[in-house]
Structures are given as structure tokens and as C-alpha cells.
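Each chain, letter by letter, is given below.
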Amino acid sequence: MSVETGSALSGAAAAGSSARASGKSIERTAKDYWPFVLPALIIVSSVILFPWLFTIWMSLNEWKLGGSIHFAGLSNYAKLFTDERFRDAVWQTIYYTVLATGLPLVIGTFAAVIFHEKFPLRGVLRGLYIMPMMATPVAIALVWVMMFHPQLGVLNYLLSLVGIPPQLWVFSPKTVIPSLALIETWQWSPLVMLIVLGGLASLPTEPYESAMIDGATRWQMFHKITLPLIMPFIMVALILRVIDALKSFDIIFAITQGGPGNASETLNIYLYNTAFPYRDMGYGSALAVVFFIIVIGLSLVMLWMRQRNKWDEQGADA
Amino acid sequence: MTGRSLLSKISLGFAVFLLVSPAILFFVWMLSLSLKYEIDNGAYPPILIPAPDMIAWENYTNVFSSSNFIKFFWNSVIVTGSATLFALVVGVPAGYGIARMKATKAAVVVLIARVTPALSYLIPLFLIFQWLGLMGTLWPQIITHLVITVPVVIWVMIGFFETTPMELEEAATIDGANGWEVFRHVALPIAKPGIAVALILSFIFSWNNFVFGIVLAGRETRTLPVAVYNMLSFEQVSWGPLSAAALIVTLPVLLLTILAQRQIVAGLTAGAVKGG
């Protein structure tokens, strides 16, 4: 794991600066810079790491808020295996994450290719396109609830114009997750677009010139040249999307609180519902630990795959 | 040849239209909902533009006169403002330090903040703040919002300092400046544009945050997103005033996005961070 997830997005720039930064004159050593970094590190780790150890300890206890605390060993974890609601939450999380990663990746990449072209008002239109990403999620959720309304909602009206029968959207257990993933797609495709657009901006021109001479079609050029070259950027977008989709909370919670029934209760929502409305801190903490391990584990695996791919590419270049 | 290029222009235009229209449609509809009376908001087929004498301006005045909206607005300003300012104070030097010593390990801690699900550390924080007797105050939210703002600032500043030249700093060192003086008098003045980007992004992500508030805010200490959520779930739903409130909540962010679009895009692609 390295800084790469962040700075790789500005890939070319970072590579350039690391080559330059090794100037030979009176160089400061790393320890000269620790005082600059330490306060921030202490703050972030004390707000996250210390409570995190506390969570692990809590997960080993039977503890309803307001009641007494009993040491319970691994019984909270054992309970996970027989908890059907937990099993449903896992499946719903996977379902949601697949949709809320796949759709934004495809649409965002398409958008990047489009916004890479030069056309009038490109800056303004790109600004409009990224507005959903910056808008306050709860404010967005509220308007989506109204738009999804089966009788009064504007979405069913628009569907009726093209002859599609009305949908129940977030009000039916069958369609609630795709509907929520639709909002996430609308909101976060722009981030994929920005990341991939950064990749497109860094492309060399030579391969296209020679392909042009060979008489390649646009699709061939995209498929054979562009796509492989922007793959590392799509990978970064994929990693970020998976992490964020797994952790999605605001939109789902504001719109359905996990309902109807438990149909949209992802792990994150189940965790909240257990710890807060039900005040079951012990079991809630066990859920938190499991959820944390899944998120961190997946992130590490994806980062590792990305690193390996990078080395493979470097190997091929050399 | 010209026929073909015309065709590709049309298809490009169509693709742009397809991409941008869901965003435009949404925000226009949001505005429309907020300016209509209940009778128009409940009409089928839906009414996009109400008749001139049916524009419900009082939806907006109602938001400010009823409930504690101004108080919640002020809570949001305090929480986001404090968390952002504090994050700049500790995050800008940290970004500088990490960029200069290329400390990938230190950056990992920041990365953990990006990856960790908020709810996995909010449960104990909720209990700790309760024991400390801080729950009726804004402190729990200010402190937890640092988990969003500090990493955002650090990431943006690492990206920024990596691209600023070292020559001036080396010259200052030769002239006998110590590390702090080099930072204060050489690096910091150059970093102003980067700091502006960090400030904007940190503000937006903190302003938008919901999950910290829903766990840590009390009746009096709600921030705007929590206040809007409560209107949505607990009060009798009347869409006009509710949409007006929603629009007011997200307006500062939308204005910033329009005004500082270039900086936001630069900052996002350098750091690619999303709060929560």
C-alpha cells in the first residue's frame, strides 16, 4: 500500500517530481520534516485508531446501551453465522456494490471520452455534469424520493411518455436496490469521468498518428490504443468506486432506512440500525469489525493487484 | 467527407445531451418543487413551471421562519468552519512534510481515514463523547469532522507541494533559514492556490456530511443535513417547503462548484477523496 491511490491520479506529474526532488545540495533528512506531519497524524489516528481498538473490545462484550456489560468472548461473532438478517445484508451489499460500481464505471468512462473531445461550452457543460457529485446527499435524497413517488413522481410520468408502465422504484423490495444504485450512478459517474479524463489528457499522440496512417477506424483506435492506455486510471476509479459503494450510507439511509422490510439494508445500514435504534453496542461492534475487515481487505487486494499490474507494465517496457 | 463530420458532430451533441440532461433535469426539478404549492406538487401530469400567480415564494420564507432552521444553519457553519480551519492549520504542514520526505508510510495513515467505514469508529466515539459529557455541544461533530477535512487537506497539499520547485527552498536553506522558516516564508506563500483548493474541498465534504451528525447530533446541535433528514422522516411531508430547505442546504456547495469548478476538478483529481 502506498500513496499511489491518491497521487497516481495525477500520475504524470507525480512521476516528474519524484525524479527532480532528489537534488544533491544541502538536503534535509526525513526527520526534519516529522514535526510538520506529526500533529495531523496524531489527530487522525486518535480519532480513528483508538476508537477502533475500543470497537474490538466492545465486540467481545454483551452490551445493550443502558444495561450492564458482560464479557462474552466470541459469542457476538458466532451469532453472525445464524443471523439471517446479516446474511441478507451481505448479499444486498454485494448486489448494490456491483451495480453502483459497474454502471458508474461504464458511464463515467464514456463521459470522459466525450468530454475529451473539443466542443463549444465544454467547460460549462462539464461543470453541470459534476454538480450531482458535489451536492449535499441528503438534499438530493429528498428530491429523489419525490421523483420516485409511484403516483405523483416525475419519473413514472416520463416513463409513461415512452410507453413504459409505472414502477414502484424504492417502494418495492424487488426494485429498491437498483433504484438506489441509479442515484449513486447519477451522483458518482462524474468522479469516474474526472479520473479517466485525467488519463486521456496524458495520452501520447504518436500511436494515433500511425494508426490513422494504417486506416484504423475510431472504434479500433479506442479499443486497441486508448482503452489499454487508460486502464490504470480506470483501475483507480474502480478501487474508489468499490470502497465508496460498500460504504454508501447517506442516500440509502435518508430514502429507505434499509426498507421496505429489510430489502435495502446493506451492512452499513444494518450496523447503524443495530448499534443505534436497537442500542445493541456489543453486536453492533462485532458487525463493525467484520465490515471493517471486508472493506480494508478488499482495498488491500485491489491495491495489491494494481501494484502488480504496474510492475508488469514496467517489466514489459524494460 | 463533410457529411460524415456533420454526422459525428450530431452524435457528439447527442451524447453530451444524454450525459448532462439528468443533472440539469434534476436541479431544475428541485427548483420547481421548491416554488410550487402543494396542489401543484401533487398534480398529475406533473407541472414543471407553475402559473405566475401560483409561485410559492413563501416556501422559502417558511423555511427560515418556522422551526430552528437558522440555528441549524449556524450549527453547520460552526462545525464545517471550525473543522476546515483546523484542518488547514495541521494539514497544510503535514502535506508539505509528506511531500518533501516522500513519506509513503505516513500517507498510509491518511489513506486509512479514507477507507475506514465511519460507523466502525463512530460507535465508541459516541460512547466516549457521552462519558465526557460533550453530547449537548458541537464539539463531537467538530472533532469527528476532522477525519474528513484533515485527509482532504493533506492529499490536496501533497499533490500541490510535489509540483512546486525546490530551488527557492534550497536557496533559503543555504542562507541559513531553518525548516520552519523555509516553510513559513518560502513554501507557504507559493502554496496559496493549493490552500484555496484544499479549503473549498474540505468545506464541501464537511458541509455535505450526514453520518456523523445522525449519530452525534442532539436536538439542538443538528447540522443542516440532519435537520433536513428529520423534516423528511418525522414531520408531515409537504414537498414545497421541504424542497426549498433542501435547495438552501446544498446551495452554498452548488455555488462553489460553479464558481470554482476548475480548482475543484484539479483538487479532486489530485486527491480523489470523498468524505464519509
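On a predicted model such as this, the values are computed, not experimentally measured, just so you know.

1. Things to note about the overall build of chain B
- Within chain B, the regular secondary structure consists of 14 helices and 0 strands.
- Going from the N terminus to the C terminus, chain B shows its helices and strands as α-α-α-α-α-α-α-α-α-α-α-α-α-α.
- Its C-alpha atoms give chain B principal-axis dimensions of about 75 × 75 × 30 Å.
- Counting across all 276 residues of chain B, residues that qualify as buried make up 59%.
- Contacts in chain B between residues at least 24 apart in sequence constitute 76% of all its contacts with a sequence separation of at least 6.

2. What to know about the overall build of chain A
- The secondary structure content of chain A amounts to 14 helices and 2 strands.
- Within chain A, buried positions represent 53% of all 318 residues.
- Excluding contacts between residues fewer than 6 apart, the proportion of contacts in chain A whose partners are at least 24 apart in sequence is 67%.
- Roughly 14,400 Å² of accessible area belongs to chain A as shown, and the carbon and sulfur atoms make up 69% of that amount.

3. With respect to unusual backbone geometry
Residues and elements named next belong to chain A.
- That bond from Gly 259 to Pro 260 is cis: its omega, -5 degrees, falls within 30 degrees of zero.
- Examined against the element boundaries, Pro 260 turns out to sit in the loop between helix 12 (250–256) and helix 13 (267–275).
- With a phi angle near 50 degrees, Trp 169 is a residue other than glycine that sits in the positive phi range.
- Positionally, Trp 169 belongs in the loop between helix 8 (154–161) and helix 9 (176–201).
- Given the relative accessible area of 13%, Trp 169 is considered buried.
- A positive phi angle, close to 50 degrees, is found at Gln 257, a residue other than glycine.
- In this fold, Gln 257 is placed in the loop between helix 12 and helix 13.
- Residue Gln 257 is classed as partly exposed on the basis of its relative accessible area, which comes to 33%.

4. Section: the layout of surface pockets
- Taken as a whole, the second largest pocket encloses approximately 1,400 Å³ of empty space.
- Taken together, 41 residues form the lining of the second largest pocket, with Val113(A), Ile114(A), His116(A), Glu117(A) and Arg218(A) sitting closest to its centre.
- For the lining of the second largest pocket, the secondary structure elements donating two or more residues are helix 5 (84–116), helix 6 (122–134), helix 9, helix 10 (206–213) and helix 11 (218–246) of chain A together with helix 1 (2–34) and helix 14 (261–271) of chain B.
- Looking at the lining of the second largest pocket, its residues break down into 21 nonpolar, 12 polar and 8 charged.

5. Digging into the environment of Leu99(A)
Residue and element names in this part refer to chain A.
- Inspection of the secondary structure puts Leu 99 in helix 5.
- Residue classification places Leu 99 among the partly exposed positions, given a relative accessible area of 23%.
- Ignoring sequence-local partners within four residues, the contact set of Leu 99 consists of Pro 104, Ile 177, Pro 178, Ala 181 and Thr 185.

6. Here we look at the packing of helix 7 (residues 137–148) of chain A against helix 9 of chain A
All names here are of chain A.
- Here helix 7 crosses helix 9 at 130 degrees, and the two axes come no closer than 12 Å. Taken together, the axes of helix 7 and helix 9 lie oblique to each other. Where helix 7 crosses over helix 9, the handedness of that crossing is right-handed. Facing Pro 137, Ile 140, Trp 144 and Phe 148 of helix 7, the residues of helix 9 in contact are Ser 179, Ile 183, Trp 186 and Gln 187.
- When its residues are assigned to classes, the contact of helix 7 with helix 9 shows 6 nonpolar, 2 polar and no charged.

7. Notes on the pattern of salt bridges
- In this structure the tally under the stated criterion is 7 salt bridges over all chains.
- Taking the shortest distance from any N to any O, the salt bridge between Arg114(B) and Asp244(A) comes out at 3.2 Å. Of this pair, Arg114(B) sits in helix 5 (residues 104–115) while Asp244(A) is found in helix 11, placing the two residues in two different chains.
- Judged by its relative accessible area of 7%, Arg114(B) is buried.
- For Asp244(A), a relative accessible area of 3% corresponds to the buried category.
- We note a salt bridge from Lys71(B) to Glu220(B), for which the minimum N-O separation is 3.7 Å. Of this pair, Lys71(B) sits in helix 4 (residues 69–101) while Glu220(B) sits in the loop between helix 11 (211–216) and helix 12 (224–234), and the two are 149 residues apart along the sequence.
- Look at Glu220(B) and you get partly exposed, because its relative accessible area is 43%.

8. Topic: the interface of chain A and chain B
- Counting residues at the interface gives 104 residues for chain A and 105 residues for chain B.
- For the chain A and chain B pair, buried surface summed over both sides reaches about 9,300 Å², with 80% attributable to carbon and sulfur atoms.
- Looking only at chain A, the three residues that lose the most surface to chain B are Phe36(A), Met134(A) and Leu142(A), adding up to 9% of its buried area.
- Taken together, chain A and chain B are joined by 1 salt bridge.
- Where chain A meets chain B, there are 13 residue pairs in polar contact (both at pLDDT 80 or more).
- For the side of chain A that touches chain B, the element with the highest residue contribution is helix 3 (residues 30–59) of chain A, accounting for 18 residues.
- Taken together, the residues of the side of chain A that touches chain B break down into 75 nonpolar, 20 polar and 9 charged.

9. Considering the confidence of the model for chain A
Residue and element names in this part refer to chain A.
- Averaged over every residue, the pLDDT of chain A is 86; residues scoring 70 or more account for 88%.
- Looking over chain A, one finds the lowest element-wise mean pLDDT in helix 1 (residues 4–7), namely 39, and the highest in helix 5, namely 96.
- Here residues 1–25 is a poorly scored stretch, pLDDT under 50, and it has 45 contacts once near neighbours within four places are set aside; other chains count.

10. A word on the side chain of Glu169(B)
All names here are of chain B.
- Position of Glu 169 relative to the elements: it lies in helix 8 (residues 167–174).
- In this structure Glu 169 comes out as buried when scored by relative accessible area, which is 5%.
- In terms of polar contacts, Glu 169 uses its side chain to reach the side chain of Tyr 96, at 2.9 Å.
- In this view, Glu 169 contacts Tyr 96, Arg 100, Val 182, Val 186 and Ala 187; residues no more than four positions away in its chain are not counted.

About the cut-offs
- Residues numbered from 1 in each chain as written.
- Chains lettered and ligands numbered in written order.
- Predicted model: local features only at pLDDT ≥ 70, side-chain atom pairs only at ≥ 80, totals over all residues.
- Heavy atoms only, no water.
- Helix = DSSP H or I, 4+ residues; strand = E, 2+ residues; numbered from the N terminus.
- Buried < 20%, exposed > 50% of the residue type's maximum accessible area, 1.4 Å probe, protein only.
- Contact = heavy atoms within 4.5 Å.
- Areas by Shrake-Rupley, 256 points an atom, 1.4 Å probe, with all protein chains shown as cover.
- 1 Å grid on protein atoms, 1.4 Å probe; cavity = no way out; pocket = protein on both sides within 12 Å on 5 of 7 lines; lining within 4 Å.
- Points joined across faces, edges and corners; volume = space filled by probe spheres on them.
- Nonpolar A, V, L, I, M, F, W, Y, C, P; charged D, E, K, R; others polar.
- Axes fitted to C-alpha atoms, helices over the stretch in contact; angles between N-to-C directions.
- Parallel < 35°, antiparallel > 145°, perpendicular 65-115°, else oblique.
- Left-handed = near helix turned anticlockwise from the far one by under 90°.
- Salt bridge = Lys/Arg side-chain N within 4 Å of Asp/Glu carboxyl O.
- Buried area = accessible area lost by both parts, 1.4 Å probe.
- Polar contact = N/O pair within 3.5 Å; in protein donor to acceptor, adjacent residues only side chain to side chain.
- pLDDT = per-residue confidence, 0-100.

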